[in-house]
Amino acid sequence: MDLDSIIFYDNLPSIDLHGLDRDTARVKVLEFINDNLKLKNAFVCIIHGIGSGVLKTEVHNTLRMCKYVSEYKLFYNNSGCTIVKINIDTYN
């Protein structure tokens, strides 16, 4: 399964970052990725909203630096959320 085959994100584990500043959002995203790595969830959804783009930029920078994330992209139907593929094989 890949990111292009995801049509609905309602059944994916998700985190909503509305109202957070960029530093808190970075910490929450990393905790969320680590928790889902332990639970062996390969796909997750991060809801950052559209707004001015500050949270989206911070989320994408954090995901780019995270060694457990194999790929991510904006959901094609909603640019306020990012779908993430976690490489669960890297977790022991």
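For the structure itself, look to the data block above.
Presented here is a report on the structure given in the accompanying data block. Note that the structure is a prediction, hence the values are computed from the model and not measured.

**Focus: the nonpolar core**
- Among the nonpolar cores identified, the biggest contains 17 residues, and Leu17, Val29, Ile33, Ile46, Leu63, Val84 and Ile86 are the most heavily contacted of them.
- Elements supplying a minimum of two residues to this core: helix H1 (22-38), strand S2 (43-47), helix H2 (54-65) and strand S4 (78-86).
- Looking at this core, the element that brings in the most residues is H1, giving five residues.
- Those residues within four positions of Leu17 in sequence are excluded, and the remaining contacts are Ala25, Lys28, Val29, Ile46, Ile47, His48, Leu55 and Val59.
- If you look at the next biggest cluster of nonpolar residues, it comprises eight residues, including Leu3, Ile6, Leu12 and Ile83.

Rules of the game
Position numbers for residues start from 1 in each chain and track the written sequence from start to end. Whole-chain, interface and lining totals are the exception, using all residues; otherwise, since this is a predicted model, local features are given only for residues with pLDDT of at least 70 and side-chain atom pairs are given and counted only at 80 or more. Neither water nor hydrogens contribute to the side-chain values; these are computed over all heavy atoms in the structure. The criterion is simple. A nonpolar core is a set of buried Ala, Val, Leu, Ile, Met, Phe, Trp, Tyr and Cys residues joined through side-chain atoms within 4.5 Å. Working definition: with a 1.4 Å probe on protein chains only, accessible area under 20% of the residue-type maximum means buried, over 50% means exposed, and in between means partly exposed. Segments assigned H or I by DSSP are reported as helices when at least four residues long, segments assigned E as strands when at least two residues long, and all are numbered from the N terminus. Contacts between residues were defined by any pair of non-hydrogen atoms, one from each residue, lying within 4.5 Å.

So yeah, pure geometry; function would need other evidence.
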